[in-house]
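Reading the structure
These are the residues of each chain, in order.
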Amino acid sequence: MASNNGSVNVANGNGSATKGLAKIQTHKKHNGICHDDSGPTVKAQTIDELHSLQKKKSAPTTPVTASQAPFATLSEEERHKQQLQSISASLASLTRETGPKLVKGDPARKSETQKVTHVHHHVTPTIDVSDSSLKFTHVLYNLSPAELYEQAIKYEKGTFITSTGALATLSGAKTGRSPRDKRVVKDDLTENELWWGKGSPNIEMDEHTFMVNRERAVDYLNSLDKVFVNDQFLNWDTENRIKVRIVSARAYHSLYMHNMCIRPTPEELENFGTPDFTIYNAGQFPCNRYTHYMTSSTSIDLNLARREMVILGTQYAGEMKKGLFSVMHYLMPMRRILSLHSGCNMGKDGDVALFFGLSGTGKTTLSTDHNRYLIGDDEHCWSDNGVSNIEGGCYAKCIDLSQEKEPDIWNAIRFGTVLENVVFDEHDREVDYCDKSVTENTRAAYPIEYIPNAKLPCVGPHPKNVILLACDAFGVLPPVSKLNLAQTMYHFISGYTALVAGTEEGVKEPQATFSACFGAAFIMLHPTKYAAMLADKMQKHGATGWLVNTGWSAGSYGYGSRIKLQYTRKIIDAIHSGSLLNEEYKKTEIFGLEIPTAVEGVPSEILDPVNTWSDKKAYKETLLKLAGLFKKNFETFTNYKIGKGSNNLTEEILAAGPIF
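What you see is a predicted model, and the numbers here were worked out from it, not measured in a lab.

Another point: the pairing of strand E13 (residues 308–312). Residues in a regular strand point their side chains to alternate faces of the sheet. Of all five residues making up E13, five are buried, and the element is well covered by its neighbours. Here E13 shows no split at all, with Glu308, Val310 and Leu312 on one side and Met309 and Ile311 on the other all buried. Bridge count for strand E11 (residues 277–282) against E13 is five bridges, and the pairing is parallel. Residue Thr278 lies in a different strand from E13, and its bridge partner there is Glu308. Note: strand E12 (residues 299–303) against E13, five bridges, orientation antiparallel. Residue pairing for E13: Asp301 is matched across the bridge by Val310.

Okay, the nonpolar core next. Counting residues in each nonpolar core, the largest one holds 127 residues, and the members touching the most others are Trp382, Leu419, Tyr446 and Phe492. The element best represented in this core is helix H8 (residues 318–334), accounting for eight residues. Those residues within four positions of Leu419 in sequence are excluded, and the remaining contacts are Thr162, Ala166, Leu167, Ala168, Thr169, Cys398, Ile413, Val431, Tyr433, Arg443 and Ala444. Val139, Val185, Val218 and Leu312 belong to the second largest nonpolar core, which has 26 residues in total.

Scanning all chains against the criterion turns up 20 aromatic pairs. Seen in terms of ring centroids, Phe325 and Phe522 are 5.7 Å apart; in terms of plane orientation they differ by 45°. Their pairing is tilted. Taken together, the residues span a long stretch of sequence, with Phe325 in helix H8 and Phe522 in the loop between strand E29 (510–514) and helix H12 (527–541) at a distance of 197 residues. Phe522 shares its class with Phe325; the two are buried. Every member of this aromatic cluster is reached through a ring pair, and the members are Trp195, Tyr490, Tyr496, Phe514, Phe591, Phe630, Phe634 and Phe637. Between Lys243 and the ring centre of Phe272, over which it is positioned, the NZ or CZ distance is 5.6 Å. Above the plane of the ring of Tyr373 lies Lys348, whose end atom (NZ or CZ) is 5.1 Å from the centre.

Turning our attention to the packing of helix H4 (residues 145–155) against helix H6 (residues 251–260). At a minimum axis distance of 9 Å, the contact between H4 and H6 shows a crossing angle of 155°. Taken together, the axes of H4 and H6 are roughly antiparallel relative to one another. The way H4 lies across H6 gives a crossing that is left-handed. Residues Pro145, Leu148, Tyr149, Gln151 and Ala152 of H4 lie in contact with H6, whose contacting residues are Ala251, Ser254, Leu255 and His258. Classifying every residue of the contact of H4 with H6 by side-chain character gives six nonpolar, three polar and no charged.

The subject of this paragraph is the environment of Val548. For Val548, the location among the structural elements is in strand E30 (residues 544–549). For the pair Val548 and Ile571, spaced 23 residues apart in sequence, the C-alpha separation works out to 8.4 Å. Filtering out sequence-adjacent residues up to four positions away, Val548 remains in contact with Ile467, Leu468, Leu469, Ala470, Pro479, Val480, Thr568, Ile571, Ile572 and Ile575.

Next up on the list: the packing of helix H11 (residues 485–494) against H12. The contact between H11 and H12 brings their axes to 9 Å, and the two run at 145°. Crossing handedness for the pair H11 and H12: right-handed. Counted together, Leu485, Thr488, Met489, Phe492 and Ile493 of H11 and Pro527, Thr528, Tyr530, Ala531, Ala532, Leu534, Ala535, Met538 and Gln539 of H12 form the full contact between these two elements. Looking at the contact of H11 with H12 residue by residue, the class counts come to eleven nonpolar, three polar and no charged.

Relative to the helices and strands, His491 is located in helix H11. With a relative accessible area of 4%, His491 lands in the buried category. Every residue in contact with His491, bar those within four places of it in the chain, is listed here: Leu468, Leu483, Phe518, Leu547, Phe591, Leu593 and Phe630.

Read from one edge of the open sheet, five strands run E5-E6-E21-E24-E20, paired in mixed fashion. Looking at which strands have only one partner, the edges of the open sheet turn out to be strand E5 (160–161) and strand E20 (393–397). When E20 meets strand E24 (residues 443–447), the two strands line up antiparallel, connected through five bridges. Residue pairing in the sheet places Lys397 in a bridge with Arg443 of E24.

Rules used in this analysis
Residues numbered from 1 in each chain as written. Predicted model: local features only at pLDDT ≥ 70, side-chain atom pairs only at ≥ 80, totals over all residues. Heavy atoms only, no water. Buried < 20%, exposed > 50% of the residue type's maximum accessible area, 1.4 Å probe, protein only. Helix = DSSP H or I, 4+ residues; strand = E, 2+ residues; numbered from the N terminus. Pairing = 2+ DSSP bridges. Core = buried A, V, L, I, M, F, W, Y, C linked by side-chain atoms within 4.5 Å. Contact = heavy atoms within 4.5 Å. Phe/Tyr/Trp six-rings, centres within 6.5 Å; stacked < 30°, edge-to-face > 60°. Lys NZ or Arg CZ within 6 Å of the ring centre and 35° of its normal. Axes fitted to C-alpha atoms, helices over the stretch in contact; angles between N-to-C directions. Parallel < 35°, antiparallel > 145°, perpendicular 65-115°, else oblique. Left-handed = near helix turned anticlockwise from the far one by under 90°. Nonpolar A, V, L, I, M, F, W, Y, C, P; charged D, E, K, R; others polar.

Spelled out as C-alpha cells, the structure:
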C-alpha cells in the first residue's frame, strides 16, 4: 500500500514490506536457462566487418549481347581498369611520359580501394621523374548525391545541410561568372569560323598559352589526394548527344554537374568510352598572372581543337555550365542544329513554344505553366528531330524566392539540390532567401525531374511558336506583336530589354540592354548565322514569331505602370491556343509591328501603346529614342556577311528594323 510520503512499499523475499525499487524477476525456461527476447546476433566478429555488411556492391546490369561493344562484355575488374586508363589519359601531363597513377575510391577508406593502373603515352619526356609520378591519385568516379554530400560535409568548409535537405555551399571569392576572363584559342580552325572583334564575347588566346594553363591545372589536380570525375551527357536528343568528362577538386562541383548534365544509366556508363569534351576544373588554384594574355588570377579557357576547357582562379560552378553551353553553340551548328538560349514548354496536344528573354523579362515565370509540360528552362537544340534540352537540370535564381510566387522551384530545393551562397539560420538551417549578405546571385541547381510537370525525356516536336520577351521600361513597345521572319531575325539578333538604371532617388531614366541572340556571352559564331538558321527552321516547320512586352504601359518607368502579369498570361495563352492568329491586325509606325486589335481577357486599349499615353508628343519622342538605340546597336552587325550571296539577307534583316 502507498505510504504517506509518496514512496511505494514493495514486498521483499520473505513477504515483509520495504521501501525502494521492485525486485527484478526473471522467468526461467524449462531447461533452466534464462533468455532475452531480442533477435539473432549479426554475422560479424568485428565492428569493421559489421560496417562492411552495411553496403552492398553495385553490380553491372548490362546484358551481354552480340551487337554490343566489347567494353560491355568485360569483367568488372577489366572494366574498372579501362575506366581508370581513360581518366589517366585525360589527366596526362604533356611533359611526362605517363598519366598519373590512379586508384578508385576515397583515400580515407584505404581498405575499399582497388588495383592501381596507369597509362603510357608516346610523348618524348622532358622530365624523367617527379614527385607527382611517385604518388597515387584517388578517383571518386560518378558518385551518387549521397556520397557527394558525405564528401562535401566532411572536407569542404562552409558546407551544410539545410532544413529541407539541400546542400548549402559557398563558391568562394567569385559569386558569378567572369566573362572578361573567358578566352578561346584562336587557331587555323577557329580564326575564320568564330565571331571575333567588336561586340564579340570571344576573347582570343594562343595555343601555347592554353597549354601553359592546361599544364598548371592538370599538375594541380594530380597533386591532390583525390579528384572527382563525372562522365555525363549533353543533349537529350540521343542521336546528337555529347559525352563530357568533368575532372574537379570539390564535391560541390561534382554534385552541381551531376545535377546540371544528363545523368547516364549504369548501362550507358559501362560503355561510355572516351569523352567528346573534357573540363579541367582547378578553380581553387590561380593562373599565373605573368602568363601571356592573363589579366587577373582567373582564367576560363576553351580549346575547340583539343575539345578541352580549363578553369583556374574561380570556384563559381556556373562557369562549367556556361562553358559547355558555348561549346554546344559551336558543335551543334556544325551539324546544322540550332543551339538556343531559351525556355521551352509543350502543351497537352504536342504544341511546343520557345521563350527567349534576358533577365527580368519573365522567361522563367511564363515558360513555367502548370497546364503545359516543361522541356527545359534555359538551353535547347532544334534539329531535324525537333527540340531537345541540352541539360539534365535547372539552375534557378533564389533571391527573394517564395513558396507563393515560385512553388515549383521552392519544392525542388530538397535532398540532392545544391544551394549556392545562401544565408541560413545557424540552428535550424532555415534558408533566408531575402538575405544578400554573400551575394544577390544566390542559386539552386537541381535535376529537372524535381519539377513535377517536366517532360521526360526532355524532347519535343518542332516548335509552333517562337516568343521573344522584352521588358520595355520605355513603355513604347506593344504588349504583343506578330513578327514576320525578317522581323524575327532582327529582334532575335538585337536581344533587347530595358531595365531601370538605378534605385537612387530621382533616377527614372530606363537603360536599354542588348544581348545578341538573347545570350551574347555564350555564342561562338556571328549572331546572323544563328538568326538565319532560326528563320530557316521556322519557315520549314511553320512556326510563328512573336514579340511580347512584359514591361511598361501608359508611360515610361516612373510615369506609366508595369503591364499586369495576368494580361501577359492571357496573351501567352492566346498564342499557345492559336486563337491570336485569327485576330485582326494593324501596323504600328516606326517599328512596323503587326498588333492585334483584340485579345481575350486583355483590355483592347492597351494593345496599341499610343492609346495609353496621355502626352502623345512625349510618346513619339520616346519611340524615336528607342528606335535610335536599336539602330545604333545593330551597326555592329551590318558589315557582316552570312555567306556567299548573303547581302540580300543582311539587307532584308536590316529593313525589318525601325524606319525613321
